[in-house]
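Remarks on the overall topology
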Amino acid sequence: MARRPVQVAIVEDDKEQCELLRARIERAEDMRVAKVYFNAEVFLRELAGLDADVVLMDIKLPGKSGVDCVREAKPLKPQVQYLMLTVLENPAYIFQSLCAGATGYLLKNIEPEELVDAVRDIAAGGSPMSSAIARLVVNSFQQETQQRINDEQLSDREKQILDLLAQGLLYKEIGAKAGISVETVRK
């Protein structure tokens, strides 16, 4: 028995880009474009009736952004996989997208076959990312790990002072509370 083609929805405001994406998807025998949307608001309105496995989502959309759209849509249809497709290599957008519920993040300048492979990958449970995006994610985790290592090098007293600073106390209040000079607090 033949498998059902992967159903792909496209949310892209650039009509020319949208047609390129549609053509790439329609050329693959194992997938088909279920619907095309030019903004997030219409996509969200029609989401309940949409039969899609994968959504190719642009980030920069008129009105509601692609990130906000995914954040709203993912809880409504958690089985749908969102693949952000954008020109933006900004780490903030990457992490916002992933935290919102996107499962993959690709740059629009990828080769047509790479896009088709990424749709297959995400439909099969993978998380496709452009290599440049994957490098940004890896670097972020490495920096976070290094920060945790540095935090572990603090003494209990230093952590106590930082906690008091985080509570918004003034240096002289911390000094009085901890029994140390204002200069020691600064240091």
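The following refers to the structure shown. (Residues numbered from 1 in each chain as written. Predicted model: local features only at pLDDT ≥ 70, side-chain atom pairs only at ≥ 80, totals over all residues. Heavy atoms only, no water.)

1. Some details on the overall build of the chain
Within the chain, the regular secondary structure consists of nine helices and five strands. Order of helices (α) and strands (β) in the chain, N terminus to C terminus: β-α-β-α-β-α-β-α-β-α-α-α-α-α. Taken over 187 residues, the chain has a buried fraction of 39%. Relative to all contacts within the chain whose residues are 6 or more apart in sequence, the contacts with residues 24 or more apart total 59%. In the structure as shown, the chain presents an accessible area of about 10900 Å², 51% of it carried by carbon and sulfur atoms. (Helix = DSSP H or I, 4+ residues; strand = E, 2+ residues; numbered from the N terminus. Buried < 20%, exposed > 50% of the residue type's maximum accessible area, 1.4 Å probe, protein only. Contact = heavy atoms within 4.5 Å. Areas by Shrake-Rupley, 256 points an atom, 1.4 Å probe, with all protein chains shown as cover.)

2. Digging into the packing of helix 3 (residues 66-76) against helix 4 (residues 91-100)
Two elements in contact, helix 3 and helix 4, have axes separated by 8 Å at closest approach and are oriented at 15°. Taken together, the axis directions place helix 3 and helix 4 in an arrangement best described as roughly parallel. In terms of crossing hand, the pair formed by helix 3 and helix 4 is left-handed. Contact residues: helix 3 offers Val67, Val70, Arg71 and Lys74, while helix 4 offers Gln96, Ser97 and Ala100. Looking at side-chain class alone, the contact of helix 3 with helix 4 contains three nonpolar, two polar and two charged residues. (Axes fitted to C-alpha atoms, helices over the stretch in contact; angles between N-to-C directions. Parallel < 35°, antiparallel > 145°, perpendicular 65-115°, else oblique. Left-handed = near helix turned anticlockwise from the far one by under 90°. Nonpolar A, V, L, I, M, F, W, Y, C, P; charged D, E, K, R; others polar.)

3. Examining the packing of aromatic side chains
A full pass over the atoms with the stated rule returns two aromatic pairs. On the basis of an interplanar angle of 80° and a centroid distance of 5.3 Å, the ring pair of Tyr37 and Phe43 is categorised as edge-to-face. In this structure, Tyr37 and Phe43 share a single accessibility class: buried. Their ring planes at 85° and their centres at 6.5 Å tell us that Phe43 and Tyr82 sit as a pair that is edge-to-face. Taken together, the positions of Phe43 in helix 2 (residues 40-46) and Tyr82 in strand 4 (residues 81-86) put the pair 39 residues apart, joining distant regions of the chain. With relative accessibility at 0%, the residue Tyr82 sits in the buried group. In textbook terms, an aromatic cluster arises when at least three aromatic residues are bridged by ring pairs, as seen for Tyr37, Phe43 and Tyr82. Sitting over the face of the ring of Phe38, Lys15 holds its NZ or CZ atom 4.1 Å from the ring centroid. (Phe/Tyr/Trp six-rings, centres within 6.5 Å; stacked < 30°, edge-to-face > 60°. Lys NZ or Arg CZ within 6 Å of the ring centre and 35° of its normal.)

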